[in-house]
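Coordinate analysis (summary)
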Amino acid sequence: MALVVAWLTEVVQLALLALLAPFLVDVMSMAAAVLSGARMSVPGERWRQIATGWRRPCEPQGAGPAWAACALSGGALAITPLISVDMAGASLADPLAIGLLLLGARAVCWQRAFGAGCVWRRDREAQRQVAIQWRMCGWIVPVLGLVSALMAIGLPGAAGLAGLARDLHVQAAPALVGALVFAALALGVLLGPHFLDAASFEVLLPEAEGRLRAMFRYSQDLASCGWLLLIGDLMLPGLPDGATLSIPGMLMAWVAAPVRLVLVAGVLGVGMVFLRGDVRRPAVALAGAAIILVLSGRFAS
């Protein structure tokens, strides 16, 4: 029975996130527009863009990379806990593994840009975006590794996000919880301008039209949802164990989970307005604060 519940939770989580992902992109765009004074999109506009493009045919040979990007992003969503740690893929929820899957989805878009005859070869803006995002990976991957290291130092024996959530119910680790908040903020600072901004993604595929662009857009939305889910789990660790929840408690958890993602999307959308320059220095400062905090908590104990 427990196995059935675990797989059912997995399926429902994937369905919910697949539906919610474009709306979260709308939330980030709306939050940024409020502060920048730009035209504010309405909830559901991203879904309308995807649906409009999907109704237009695309070249068959271009669909493979788009499906690969969706699969990589979907894999990250499948192993990242949303409601509880009682799900089939929760044991694989290592922050570094999740991040590499999401970066792999973006790398598929870079690989497409290098195809023969692509307009990208003559598009300087697309070339600049690929170079910037590639350099930012050199900062994002160490921060993801730092998160795993912080968990190993602050709460030895915690295996991934699911193990962290279970162990926090047994053993309080306030220094680790604070350090993970700083690490999540550092990750959000690095991701925001180049990996979560929908406009930056559109530049990468100047030649894609119709259904092909819609598929790549949806893969970007799934990847953005994966990053938001990872940051949310780091900022608010300690998800409940599904086996210990009553039916009303589980229903409340399913209602609260999208609200948490919307709040994280709003915060990062606001942050993208202010973080348009060099984001590496604030990210390093936040990561340094995380290291100091977890070490001080470890030595104090």
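Remember, it's a predicted structure, so these values are computed and weren't measured experimentally.

**Here's the deal with the pattern of salt bridges**
Throughout the structure, instances matching the rule amount to 2 salt bridges. Note that Asp-221 is salt-bridged to Arg-46, the shortest N-O span being 3.0 Å. Taken as a pair, Asp-221 in helix 9 (residues 210–235) and Arg-46 in helix 2 (residues 45–54) lie far apart in primary sequence, 175 residues in all. A salt bridge links Arg-260 to Asp-233, with the shortest nitrogen-to-oxygen separation between them at 3.1 Å. Of this pair, Arg-260 sits in helix 10 (residues 247–274) while Asp-233 is found in helix 9, placing the two residues 27 residues apart along the sequence.

**As for the side chain of Arg-217**
For Arg-217, the position within the fold is in helix 9. Contacts of Arg-217, omitting those with residues within four sequence positions, involve Arg-46, Gln-49, Ile-50, Phe-201 and Glu-202.

**With respect to the packing of helix 7 (residues 174–196) against helix 11 (residues 280–300)**
Interaxial distance between helix 7 and helix 11 falls to 8 Å at its minimum, and their mutual angle equals 170°. In terms of their interaxial angle, helix 7 and helix 11 are classed as roughly antiparallel. Considering only the axes of helix 7 and helix 11, their crossing is left-handed. Contact residues: Ala-175, Leu-176, Gly-178, Ala-179, Phe-182, Ala-183, Leu-185, Ala-186, Val-189 and Leu-190 in helix 7; Arg-280, Pro-282, Ala-283, Leu-286, Ala-287, Ala-289, Ala-290, Leu-293, Val-294 and Gly-297 in helix 11. For the contact of helix 7 with helix 11, a count of residues per class yields 17 nonpolar, 2 polar and 1 charged.

Criteria and thresholds
Residues numbered from 1 in each chain as written. Predicted model: local features only at pLDDT ≥ 70, side-chain atom pairs only at ≥ 80, totals over all residues. Heavy atoms only, no water. Salt bridge = Lys/Arg side-chain N within 4 Å of Asp/Glu carboxyl O. Helix = DSSP H or I, 4+ residues; strand = E, 2+ residues; numbered from the N terminus. Contact = heavy atoms within 4.5 Å. Axes fitted to C-alpha atoms, helices over the stretch in contact; angles between N-to-C directions. Parallel < 35°, antiparallel > 145°, perpendicular 65-115°, else oblique. Left-handed = near helix turned anticlockwise from the far one by under 90°. Nonpolar A, V, L, I, M, F, W, Y, C, P; charged D, E, K, R; others polar.

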